[in-house]
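# Summary of the model geometry
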Amino acid sequence: MNREIINTIKAPAAIGPYSHGNKIGDLIFTSGQLPINPETKELITEIKAATRQSLENVKGILEEVGSSMDKVVKATVFVKDLGQFGEVNEVYSEYFGKNSPARSCVQVAKLPMDAVIEIEVIAHV
């Protein structure tokens, strides 16, 4: 199977040696997306707005290769404070609704750039 490297202007530039994602066959694996606005380069710190920005970045990567949020089969959410789980879910449900993908959500000690959230997904085309 051929591997296609995904990079897009619809997500912030990588802050390390990685791509926005990889497409292998009909599967897409995204890198974790911090809540950075790709146009302004601003790191969003309020949890609801940060969740929305991370999901918008994921959406941009998927759209770059002809996929969409409704084709996400697995999501992993890393949060700085699991006490904000409710706020994350509120925004998350706007993107996935009743047909939500499988998901893991874990609290981590620290994220790059001291972000409050990072989200990665696996989707199909």
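In the nomenclature of an unreviewed UniProt entry, the protein is known as Reactive intermediate/imine deaminase of Clostridium paraputrificum.

### Concerning the sheet that holds strand β1 (residues 3-6)
Taking strand neighbours across the sheet as the criterion, the six strands line up as β1-β2-β3-β6-β4-β5 in an open arrangement whose pairing is mixed. The open sheet is flanked by β1 and β5 (102-107), the only strands paired with a single partner. Averaged over all pairs of adjacent strands, the angle between strand axes in this sheet comes to 15°, irrespective of strand direction. In terms of strand pairing, strand β2 (residues 21-24) meets strand β3 (residues 27-30) through four bridges, oriented antiparallel. Counterpart to Asn-22 in the pairing with β3 is Phe-29. Of the strands in this sheet, β1, β3, β4 (72-79) and β6 (117-124) are in contact with helix α1 (residues 47-64), which crosses β6 at around 30°. Along the sheet, helix α2 (residues 85-96) contacts β4, β5 and β6; its crossing angle with β4, the most-contacted strand, is approximately 155°.

### Details of the packing of α1 against α2
In a packed pair of helices, the relevant descriptors are the angle between the two axes and the axis-to-axis distance. Packing of α1 against α2 brings their axes to within 8 Å, and their N-to-C directions diverge by 35°. Seen from above, α1 lies across α2 with right-handed handedness. Along the contact surface, α1 presents Ile-47, Lys-48, Thr-51, Arg-52, Leu-55 and Glu-56, while α2 presents Glu-87, Val-88, Glu-90, Val-91, Tyr-92, Glu-94, Tyr-95 and Phe-96. Across the contact of α1 with α2, the residue classes break down as seven nonpolar, one polar and six charged.

### Examining the environment of Ile-9
Within the fold, Ile-9 resides in the loop between β1 and β2. The spacing of Ile-9 and Val-65 is 56 residues in sequence and 13 Å in space, taken between C-alpha atoms.

### Let's talk about unusual backbone geometry
At Lys-41, a residue that is not glycine, the phi angle is positive and equals roughly 70°. As for its position among the elements, Lys-41 is in the loop between β3 and α1. A relative accessible area of 58% means that Lys-41 is categorised as exposed. A positive phi angle, near 60°, is found at Asp-114, a position not held by glycine. On the secondary structure map, Asp-114 appears in the loop between β5 and β6. Accessibility expressed as a relative area gives 35% for Asp-114, which makes it partly exposed.

### Considering the nonpolar core
Nonpolar side chains in soluble globular proteins tend to be buried together. Formed by 27 residues in total, the largest nonpolar core has its most connected members in Leu-55, Leu-62, Val-77 and Ile-117. Secondary structure elements with two or more residues in this core: α1, β4, α2 and β6. No other element matches the six residues that α1 contributes to this core. Once residues lying within four places of it in the same chain are set aside, the contact partners of Val-77 are Val-88, Tyr-92, Arg-103, Ser-104, Cys-105, Val-106, Ile-117, Glu-118 and Ile-119.

Conventions and cut-offs
Residues numbered from 1 in each chain as written. Predicted model: local features only at pLDDT ≥ 70, side-chain atom pairs only at ≥ 80, totals over all residues. Heavy atoms only, no water. Pairing = 2+ DSSP bridges. Helix = DSSP H or I, 4+ residues; strand = E, 2+ residues; numbered from the N terminus. Axes fitted to C-alpha atoms, helices over the stretch in contact; angles between N-to-C directions. Contact = heavy atoms within 4.5 Å. Left-handed = near helix turned anticlockwise from the far one by under 90°. Nonpolar A, V, L, I, M, F, W, Y, C, P; charged D, E, K, R; others polar. Buried < 20%, exposed > 50% of the residue type's maximum accessible area, 1.4 Å probe, protein only. Core = buried A, V, L, I, M, F, W, Y, C linked by side-chain atoms within 4.5 Å.

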